[in-house]
Amino acid sequence: MTRPMTRRQALQSASLGFGYTAFASLLAGKPHFPARAKNVIFCFMPGGVSHVDSFDPKPKLNELDGQSFSGFYQVGAKAETNRKWVGSPWQFKQHGQSGAWVSDLFPHLATCVDHMAIVRSMVSGFPLHPRANLLMHTGRNTGGFPSLGSWVNYALGSENKNLPGYVLLHAGAVPPGGLENFSNGFLPATYQATAMQAEGKPVLNIDPADKDPKIQRAKLDALLQQDRQFLSTTRNDDAIDSAIRNYEMAYTMQSVVPDVLSLDKESPATKALYGLEVGDRHQRNYALQCLRARRLVEAGVRFVEITCPEVYGGDNGTWDQHSELKKGHEGNARITDQPIAGLIKDLASRGLLKETLIVWATEFGRTPHAPKPDCRDHHETAFTIWMAGGGIKGGLTYGSTDEMGMKSIENVTEVHDLHATILHTLGLDHKKLTYRFGGREVSLTDVHGTLIKAVLT
Amino acid sequence: MTRRPPSAAELERFASLAPELSRLHKLAPDKLLSSRQVWKDLAHSLFNRKEFLYFP
């Protein structure tokens, strides 16, 4: 097993056929054990945030700044020589009661460390963006597998029958690995992410073409009858079933989404907390998406991912600073720091942080050495992520890297471990959450995954 | 296209939808056959069918 019974199985066995949409929320899957978190907000930092410049200070690296790196480094066909250690251009300080170290890059997040469990000992195994992104999102380094959000949506469903269970808040950029990062893979198509963009209409094509709702409903009813009839001739083909339900979901979203995403009722103080009315367009967009994330989880959306705008780093993720490290990392930090800190504080003040898990993660770290100053390359043997909120012990720093930040050496944590831990906070056993595909029970973590028990409450 | 003739149920469905749309558009009964809007609505509903879009 799997889940006790999927909604699909329950509904099919009850011979309700298609018309179960209205009952979907009532039949949402139950957790395997009591959950600490009800929702997840995943703040993904594409491109590779430098661990030695953010949450993992390395005084020795600063000492050796500019001196030759004698180790081996190879990403392409040829090993690179003549690399030098690169010290961090940012100062680190201890913050909060926990005394967690955070660099000057994140002055706002630094005020939230007592909510955060910082995991400094991550490893990925894949030093290239597409594979590392897919691993972080789907537990596999190739496409075709369900994303974390899809697994959660499949397991628990949406708490709101008028909203999807998995929403992607983006600003136009798709991280390397493409839309496979947000795919349902082999799970039923209805569990894929629903994208909402920062600028313009959040959901494309959501406005009804018919001004008179009665005309729209008459047309949709006729269409629904036709489609139900067709579905019955295809042995309830999943793609058709999901497409029909997507139409109906789109119909309900037409009335619900504008209200859920409206900021009219948000106070000036709340908007200021997120930095919604300061900074440039990119920061405002990111702040907008963070505030929307809070509103979406309040409305019952189970899993929300927020991705960064592609401002720096070419098209490989905005944190991908192979050059202009200082400019790029400072720019990205400025865009994301205050909005995420605002999100944590806003959730905490509303009593929602204890039931909302916030995950801040990137696909890998950046090299402590480089062929030139002010740059760092991909580094999969050590990087940092953090979690806060539901089920997570705040004020904790877990794991460590060696004195130069080259390798994770204590409590080495794999991406599968992170996934297992995220599912655990939601009351899900990663070994039991499976779906039969290709003749076997397949899970997010495959044969891997060990809970990071130290970070759990 | 479906390469099949409409079923009796489908004919009945669209035969009743057309006057309903005409009524919702507040058209006189004799304007139904010449109403661009009604036939546009019918085509909109017809061509969005999953049967036209999916080939399992």
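Residues numbered from 1 in each chain as written. Chains lettered and ligands numbered in written order. Predicted model: local features only at pLDDT ≥ 70, side-chain atom pairs only at ≥ 80, totals over all residues. Heavy atoms only, no water.

Looking now at the overall build of chain A. A count of helical and extended segments in chain A gives ten helices and 19 strands. A globule of 457 residues ought to have a C-alpha radius of gyration of about 23 Å, and chain A, at 22 Å, matches this closely. On the principal axes, the C-alpha backbone points of chain A span a range of 75 × 50 × 40 Å. Looking at chain A as a whole, 58% of its 457 residues qualify as buried. Counting only contacts in chain A whose residues sit at least 6 apart along the sequence, the fraction spanning at least 24 positions is 77%. Total accessible area computed for chain A in this model is approximately 17,900 Å², and 52% of it derives from carbon and sulfur atoms. Here chain A carries 48 positive and 46 negative side-chain charges, and the mean point of each set is 4 Å from the other. (Helix = DSSP H or I, 4+ residues; strand = E, 2+ residues; numbered from the N terminus. Rg over C-alpha atoms; globule rule 2.2 N^0.38 Å. Buried < 20%, exposed > 50% of the residue type's maximum accessible area, 1.4 Å probe, protein only. Contact = heavy atoms within 4.5 Å. Areas by Shrake-Rupley, 256 points an atom, 1.4 Å probe, with all protein chains shown as cover. Lys, Arg positive; Asp, Glu negative; His and termini not counted. Charge placed at Lys NZ, Arg CZ, Asp CG, Glu CD.)

This part is about the pattern of salt bridges. Pairing between side chains of opposite charge can happen when their charged atoms approach one another. Taken as a whole and assessed by the stated rule, the structure comprises 34 salt bridges over all chains. The closest approach of N and O atoms between K219 of chain A and D41 of chain B, which form a salt bridge, is 3.0 Å. Pair noted here: K219 of chain A is in helix 5 (residues 213-232) and D41 of chain B is in helix 2 (residues 36-47), and the two residues belong to different chains. Per residue, the accessibility class of K219 of chain A equals that of D41 of chain B, and both read buried. In this structure, E298 of chain A and R294 of chain A form a salt bridge, with 3.0 Å as the shortest nitrogen-oxygen distance. Linking E298 of chain A with R294 of chain A, this pair stays in helix 8 (residues 281-299), spanning four residues, or about one helical turn. Connected through salt bridges with shared partners, the residues E266, R294, R295, E298, D346 and R350 of chain A form a single ionic network. (Salt bridge = Lys/Arg side-chain N within 4 Å of Asp/Glu carboxyl O.)

Now for the environment of R366 of chain A. All names here are of chain A. Considering the arrangement of structural elements, one finds R366 in strand 10 (residues 365-366). Through-space distance from the C-alpha of R366 to that of W319 is 9.6 Å; in sequence the pair is 47 residues apart. Among the polar contacts made by the side chain of R366, one reaches the main-chain carbonyl oxygen of W319 at a distance of 3.3 Å. Polar side-chain contacts of R366 include one of 2.8 Å to the side chain of D320. (Polar contact = N/O pair within 3.5 Å; in protein donor to acceptor, adjacent residues only side chain to side chain.)

Attention now goes to helix 9 (residues 325-349) of chain A. Residue and element names in this part refer to chain A. Between its first and last C-alpha, helix 9 extends 35 Å over 25 residues, near the 36 Å set by a 1.5 Å rise per residue. At T336, helix 9 shows its maximal bend, which comes to roughly 30 degrees, and the proline P339 appears one to four places after that position. Most of helix 9 sits inside the fold, with 18 of its 25 residues counted as buried. Positive backbone phi, approximately 75 degrees, marks G351, located one or two places after helix 9. (Expected span 1.5 Å × (residues − 1). Bend = angle between axes of the 7 residues up to and from the residue.)

Bringing the confidence of the model for chain A into the picture now. For chain A, per-residue confidence averages 91 on the pLDDT scale, and residues scoring 70 or more make up 94% of the total. Note that pLDDT drops below 50 for residues 1-27 of chain A; the model gives that stretch 45 contacts with residues more than four away or on any other chain. (pLDDT = per-residue confidence, 0-100.)

Looking now at the packing of helix 5 of chain A against helix 2 of chain B. Following both chains from N to C, one finds helix 5 of chain A and helix 2 of chain B inclined at 40 degrees, their axes separated by 8 Å at the closest point. With respect to their mutual orientation, helix 5 of chain A and helix 2 of chain B come out oblique. The interaxial crossing formed by helix 5 of chain A with helix 2 of chain B has right-handed handedness. Note on element contacts: helix 2 of chain B touches helix 5 of chain A through D41, H44 and S45 of chain B, opposite I215, K219, A222 and L223 of chain A. Here the residues of the contact of helix 5 of chain A with helix 2 of chain B sort into three nonpolar, two polar and two charged. (Axes fitted to C-alpha atoms, helices over the stretch in contact; angles between N-to-C directions. Parallel < 35°, antiparallel > 145°, perpendicular 65-115°, else oblique. Left-handed = near helix turned anticlockwise from the far one by under 90°. Nonpolar A, V, L, I, M, F, W, Y, C, P; charged D, E, K, R; others polar.)

Right, let's talk about the nonpolar core for a bit. Counting 58 residues, the largest nonpolar core has I340 and W386 of chain A as its most contacted members. Of all hydrophobic cores here, the second largest spans 45 residues; its members include F44, F303, I385 and L444 of chain A. (Core = buried A, V, L, I, M, F, W, Y, C linked by side-chain atoms within 4.5 Å.)

Looking now at the layout of surface pockets. In this model, the largest pocket occupies a volume close to 1,300 Å³. Along the wall of the largest pocket there are 50 residues; nearest its centre are R245, N246, Y247, M249 and A250 of chain A. Listing elements by their share of the lining of the largest pocket, those giving two or more residues are strand 7 (194-197), helix 5 and helix 6 (238-261) of chain A together with helix 2 of chain B. Sort the elements by how many residues they give to the lining of the largest pocket and helix 6 of chain A lands first, with eleven residues. A per-class count over the lining of the largest pocket returns 25 nonpolar, 19 polar and six charged. (1 Å grid on protein atoms, 1.4 Å probe; cavity = no way out; pocket = protein on both sides within 12 Å on 5 of 7 lines; lining within 4 Å. Points joined across faces, edges and corners; volume = space filled by probe spheres on them.)

All names here are of chain A. Within strand 6 (residues 166-170), five of the five residues are buried, which leaves the element mostly enclosed by the surrounding structure. Alignment of strand 6 against strand 8 (residues 303-306), held across four bridges, turns out to be parallel. Residue pairing in the sheet places L168 in a bridge with E305 of strand 8. Looking at chain direction, strand 6 and strand 7 are connected through four bridges and run parallel. By the bridge assignment for strand 7, L168 is matched with A195. (Pairing = 2+ DSSP bridges.)

This next bit is on the packing of helix 8 of chain A against helix 9 of chain A. Two quantities define a packed helix pair, namely the angle between the helix axes and the distance between the axes. Residues and elements named next belong to chain A. Put simply, helix 8 and helix 9 touch, their axes get as near as 8 Å, and they point 20 degrees apart. By the angle between their directions, the pair helix 8 and helix 9 is classed as roughly parallel. Of the two elements, helix 8 crosses helix 9, and the hand of that crossing is right-handed. Note on element contacts: helix 9 touches helix 8 through R334, I335, T336, Q338, P339, I340, L343, D346 and L347, opposite H282, Q283, Y286, A287, C290, L291 and R294.

The subject of this paragraph is the environment of F44 of chain A. Residue and element names in this part refer to chain A. The residue F44 is located in strand 1 (residues 39-45) in this model. You can call F44 buried: its relative accessible area is 0%. Separated by 318 residues in the primary sequence, F44 and T362 place their C-alpha atoms 5.8 Å from one another. With residues near it in sequence (within four places) discarded, F44 still touches N133, M136, H137, P175, E305, I306, T307, C308, A361, T362 and E363.

Attention now moves to the packing of aromatic side chains. Residue and element names in this part refer to chain A. If you walk through the whole model with that rule in mind, you get 17 aromatic pairs over all chains. Between F42 and F303 the ring centres are 6.4 Å apart and the planes differ by 70 degrees, which places this aromatic pair in the edge-to-face class. Residue F42 is located in strand 1, and its partner F303 is located in strand 8; the two are separated by 261 residues in the primary sequence. Residue classification places F42 among the buried positions, given a relative accessible area of 3%. (Phe/Tyr/Trp six-rings, centres within 6.5 Å; stacked < 30°, edge-to-face > 60°.)

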